[in-house]
Amino acid sequence: MTSSSDRSTAVSVDGTKTYEIRTYGCQMNVHDSERLSGLLEEAGYVRAPKGADGDADVVVFNTCAVRENADNKLYGNLGRLAPMKTARPGMQIAVGGCLAQKDRDTIVKKAPWVDVVFGTHNIGKLPVLLERARVQEEAQIEIAESLEAFPSTLPTRRESAYAAWVSISVGCNNTCTFCIVPALRGKEEDRRPGDILAEIEALVAEGVSEITLLGQNVNAYGSDLGDREAFSKLLRACGQIEGLERVRFTSPHPRDFTDDAIAAMAETPNVMPQLHMPLQSGSDAILKAMRRSYRQERFLGILEKVRAAIPHAAISTDIIVGFPGETEEDFEQTMHTVREARFANAFTFQYSKRPGTPAATMEGQIPKEVVQARYERLVALQEEISWEENKKQVGRTLEVMVAEGEGRKDGETHRLSGRAPDNRLVHFTKPAEEVRPGDVVTVEITYAAPHHLLAEGEVSSVRRTRAGDAWEKRTAAPKQTGVLLGLPKIGVPAPLPTPATPACGNH
């Protein structure tokens, strides 16, 4: 057991204060945490070592509110930090994100040792609030009701040298009955196309070769600008950026998915043959109760058009099982849609009450054991389809972008891992030639499992890339405490990870 003075020494770098950020929820939160890191580093903090587990001068919780027990999880974690804070003079705890936006004063009442509570609209205030809490010796609660500045203007500490999130909008104009995100993130606000493209060009100049356009309802981009074709125009513009090899986007909504967007995907070489299209339910009655503006036929029609234009597209989805009022017949309609859609993979969720949403108080809440049984049937079906679809990849020659940390068993199997253009995970034999994350290898697929592909033969070719150079430079250089103000320094982990909740509100 270390004393408080030992603990402080263990995580300080030349007397500099350390920070740790714990992120819950969707990609938007992951990207917001990169900005929180950038803000803290610009203020002079350095990141605590991996596994610090609260052993830092500042611990920030970036919370999610879409799960029924999200608050219990937060207060449990805050409770575990209370004695650590008592033993470590000067330690501060901050809570931000969607749960902070929703619960506000409740957090400090339940956990009075918290120093700062801030919302989704004012993450840029964190360093100021921490300093104010320190000087005034009392908790600072600041929740803005609307966006103060577009988050992309903030400094950012990117987690990877070769792939990056790029926000194109924040907020959402939909009114899905299961989702609390519009109430917490606000109405959709779009960035100017020129600002987005300038950020992407800056990233590419730093060595990033893959970007993912990010928005709560990403393909509604343009509604705030008065241009229904703004999203497809943005995809095409990305195709003109030299050095940008891979473009992805998440998460779209079927309502806003236009033929022009499909054409832009098909005709722009660096837009990847991958689409995440949330279904939520295959039942027209349940979709109506969810206030989803499409029906099964429309959804399957979109997929048919995508596959006609992009034959090798891998399509994934989100599905909620056990929504209030869901009958066995409704569930069978979801199973039918899954059979017809042939998703490469699906993120399946048992319906969970989101406090503050219309669905939470609807009649016909489904018993837990019924939801569990349906969920298991759906997972079994999708597992079977995923495996069958992956088997179709055997014999194909694919270009795989080498990733960092994707293959948990790579060390013992003497393999490396990466993502194919359609975002399938590929484990491949480690070549004799040095290969770095961000480099691209050409391999032939020899085996398929439900959730990954294997290339057991020799690598056909290795293409060293500027992204690989950027990774090598970053890992060889001393850790920097500063970041480029306004525009990001380097990218997010590639391949872009899918958190437990693939998109805010499961769009």
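Residues numbered from 1 in each chain as written. Predicted model: local features only at pLDDT ≥ 70, side-chain atom pairs only at ≥ 80, totals over all residues. Heavy atoms only, no water.

## Looking at the sheet that holds strand β11 (residues 246-250)
Taken together, the 3 strands give an open sheet; going across it, the order is β7-β10-β11, and neighbouring strands pair in parallel fashion. Only two strands of the sheet have a single partner each, and these edge strands are β7 (163-167) and β11. The average angle at which neighbouring strand axes cross in this sheet is 25°, direction not considered. Where β7 lies against strand β10 (residues 210-214), 5 bridges are found, and the strand directions are parallel. What sits directly across from Ala-163, in β10, is Glu-210. In this fold helix α2 (residues 27-42) packs onto β7, β10 and β11, with an angle of close to 100° to the strand it touches most, β7. Across the sheet, helix α8 (residues 193-205) touches β7 and β10, and the angle it forms with β7 is around 165°. (Pairing = 2+ DSSP bridges. Helix = DSSP H or I, 4+ residues; strand = E, 2+ residues; numbered from the N terminus. Axes fitted to C-alpha atoms, helices over the stretch in contact; angles between N-to-C directions. Contact = heavy atoms within 4.5 Å.)

## What to know about the pairing of strand β4 (residues 92-97)
In terms of burial, β4 is a largely internal element, 6 of the 6 residues being buried. Going residue by residue along β4, you find Gln-92, Ala-94 and Gly-96 tucked away on one face and Ile-93, Val-95 and Gly-97 tucked away on the opposite face as well. Note: strand β3 (residues 58-63) against β4, 6 bridges, orientation parallel. The residue bridging Asn-62 from the neighbouring strand is Gly-96, located in β4. (Buried < 20%, exposed > 50% of the residue type's maximum accessible area, 1.4 Å probe, protein only.)

## Observations regarding the pairing of β3
Extensive coverage of β3 is indicated by the burial of 6 of its 6 residues. With burial as the criterion, each face of β3 is covered, one bearing Val-58, Val-60 and Asn-62 and the other bearing Val-59, Phe-61 and Thr-63. When strand β1 (residues 18-23) meets β3, the two strands line up parallel, connected through 5 bridges. Its bridge partner lying in β3, Arg-22 is registered against Phe-61.

## Notes on the packing of helix α12 (residues 296-309) against helix α13 (residues 328-341)
Following both chains from N to C, one finds α12 and α13 inclined at 10°, their axes separated by 11 Å at the closest point. Viewed along their axes, α12 and α13 adopt a mutual orientation that is roughly parallel. Contact with α12, carried on its side by Gln-296, Leu-300, Leu-303 and Arg-307, involves Gln-333, His-336, Thr-337, Glu-340 and Ala-341 of α13 and no other residues of that element. Tallied by class, the residues present in the contact of α12 with α13 amount to 3 nonpolar, 4 polar and 2 charged. (Parallel < 35°, antiparallel > 145°, perpendicular 65-115°, else oblique. Nonpolar A, V, L, I, M, F, W, Y, C, P; charged D, E, K, R; others polar.)

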